[in-house]
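Structure at a glance
Listed below are the residues making up each chain.
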Amino acid sequence: MKPARPAKPLHEFTATEIVAAINAGSTNCEAIARACLERIAAREPQVQAWQYLDPEQGLAQARALDKSGRRGPLIGVPFGVKDIIDTCDMPTEYGTPIYRGYRPRYDAACVALGRKAGGIPFGKTVTTEFANIHPGKTRNPLDTTRTPGGSSSGSAAAVADCMVPLALGTQTTGSTTRPASFCGVFGYRPTWGTLRSSRVMESSGSLDTLGLLARSIEDIALYRDVLLGVEPEPIAENMPAPRIGFCRTHVWPRLETTTQNLLEDAAQRLARAGAVVEDATLPVDFEGLEAAHRTIAGFEFARNFTWEIENHWEMLSELLRNGRIKDGLECSFERYLGMRNLVERCRQLLAPLFDDYDILLAPSAAGEAPIGWDATCNPWIYMIWTTMHVPSVTLPVFKGPSGMPIGAQLIARRNNDRQLFAAARWIYQKLM
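Residues numbered from 1 in each chain as written. Predicted model: local features only at pLDDT ≥ 70, side-chain atom pairs only at ≥ 80, totals over all residues. Heavy atoms only, no water.

Right, let's get into the pairing of strand S3 (residues 120–125). The element S3 is largely enclosed, with a buried count of six among its six residues. In this sheet, S3 lies alongside strand S2 (residues 78–82) in parallel orientation, the contact comprising five bridges. Note on S3: the bridge partner recorded for Gly-80 is Gly-123. Handedness of the crossover is the feature at issue here: the chain leaves S2, passes through helix H4 (residues 109–116), returns alongside S3, and the resulting connection is right-handed. (Buried < 20%, exposed > 50% of the residue type's maximum accessible area, 1.4 Å probe, protein only. Helix = DSSP H or I, 4+ residues; strand = E, 2+ residues; numbered from the N terminus. Pairing = 2+ DSSP bridges. Right-handed = clockwise from strand over helix to strand, strands pointing away.)

As a further point, take the pairing of S2. Counting buried residues in S2 gives five out of five residues, a clear majority hidden from the surface. Where burial is concerned, the two faces of S2 agree: the one with Pro-78, Gly-80 and Lys-82 and the one with Phe-79 and Val-81 are both buried. Relative to strand S4 (residues 166–171), S2 is paired through three bridges, and the arrangement is parallel. Bridging from a neighbouring strand, Gly-80 pairs with Ala-167 of S4.

Moving on, we come to the nonpolar core. Ile-85, Phe-130 and Leu-168 are the most contacted members of the largest nonpolar core, which has 109 residues in total. Examining the composition of this core, we find that eight residues originate from one element, helix H14 (residues 417–431), more than from any other. Here Phe-130 is in contact with Tyr-94, Gly-95, Thr-96, Ile-98, Tyr-99, Met-201, Phe-301, Phe-305, Glu-308, Leu-316 and Leu-320, once residues within four sequence places are set aside. Formed by 27 residues, the second largest nonpolar core is a distinct cluster that contains Ala-297, Cys-331, Met-339 and Ile-384. (Core = buried A, V, L, I, M, F, W, Y, C linked by side-chain atoms within 4.5 Å. Contact = heavy atoms within 4.5 Å.)

Applying the stated criterion across every chain yields a total of 26 salt bridges. Across the pair Arg-43 and Asp-161 runs a salt bridge, and its minimum N-O distance is 2.8 Å. In this pair, Arg-43 is assigned in helix H2 (residues 29–47) and Asp-161 in the loop between helix H5 (153–160) and S4, connecting sequence segments 118 residues apart. Assigned by exposure class, Arg-43 and Asp-161 land together as buried. In this structure, Arg-224 and Asp-417 form a salt bridge, with 3.9 Å as the shortest nitrogen-oxygen distance. In this pair, Arg-224 sits in helix H7 (residues 217–228) while Asp-417 sits in helix H14, placing the two residues 193 residues apart along the sequence. Note on Arg-224: relative accessible area 8%, which makes it buried. (Salt bridge = Lys/Arg side-chain N within 4 Å of Asp/Glu carboxyl O.)

Within the open sheet, the eleven strands sit side by side as S1-S3-S2-S4-S6-S5-S10-S11-S9-S7-S8. Their pairing is mixed. One side of each edge strand has no neighbouring strand; the edge strands of this open sheet are strand S1 (50–53) and strand S8 (276–279). Geometrically, the sheet is characterised by an average inter-axis angle of 30° between neighbouring strands, direction not taken into account. Those strands touched by helix H3 (residues 55–68) are S1 and S3, and its axis lies near 160° from that of S3. (Axes fitted to C-alpha atoms, helices over the stretch in contact; angles between N-to-C directions.)

Moving on, we get to H2. Along H2, the helix axis deviates most sharply at Ala-41, where the bend reaches about 40°; the proline Pro-45 sits within four residues downstream. Looking at H2, one finds that the buried residues are Cys-29, Ile-32, Ala-33, Ala-35, Cys-36, Leu-37, Ile-40, Arg-43, Glu-44 and Val-47. N-cap assignment for H2: the residue whose side-chain oxygen lies 3.3 Å from the backbone N of Glu-30 is Asn-28. Looking one or two places after H2, you find Gln-48, whose phi comes out positive at around 55°. (Bend = angle between axes of the 7 residues up to and from the residue. Polar contact = N/O pair within 3.5 Å; in protein donor to acceptor, adjacent residues only side chain to side chain.)

Here it is as structure tokens:
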């Protein structure tokens, strides 16, 4: 008789497992909070995922939930909050010394909805400066000599290292997709405009969305419903094999050879598993989206941060001054409008592709997380799908030559987020 497998430690529970365990009476909110805080205490010196953390505050919230007897779709689930998202009881510093110690009076909508559902905001996770290029202190928990990716660095690292099961990020270029791939977690960028971003720092309103990071696709679906303020709906069961468009895109030659081979092999494996897999080619217009994204993001960012530019120029990093701010200040309104027109044309060209495919399979990253702290490397991979306003999810399904994660990205038609989750689960099960 085989010995019984040891029970999984509480800090390794997914959000869905935490809710089920608390509802079944096999644990409580305080026990979950203590387990996660013990994990943070053990690992934070190496990973440095948190910009702000008050363990007693987290425990007090957990005890209050236990005492109240409340139940909710996120009951007792600790979550991290990217430090460009306002919280009423913690500092929000936006990754810059300009706002050191700043305390907003109100929660962002996404934080308030998480609390309402019984979740516990544990603290603020590290972000790059204003969610841009200049890196924060966070290290990749799987190899601390490597970047975790950015700009949602701390959120991805905290979830990957089992400090919390869920974390809020954002995405303007690849700020959720990239760190999800580098840290080996699920990363979801919703259809643009569906999840509310009130009291979340705006970088480029034409492109910004929230981003969700978790260790299961079921948790992503649950968290999305909580942030929509709707009754959680399980991922559809018994989904037929999806029609998959393998979309290498024009950036394919710039990927590492290992990543190309992993994606090619995945496409073949999915076809053998019963999916219809065909090559999907984007129109040539899409080759202009890299420049379009840079133009739109820079133009809007430079105007959103006029006060900081005018009053605290010396406190902005050289990377930000010579990057997105420079792009924005040098860009004419006419060029900005021209690029917006190109993006809108590409959105119209993309829509018919989904008449033939349920999902597109594309790269999430050029390769493994590089050694060093380049938090926003290879932005050209993510720009296409971010500008298209389509939902995407990164699946942690590959390992690179150094044993580090590489994600596969799935993309669906705008507003087909639920179908995206169903296809993602089917594909994840076939590839793992």
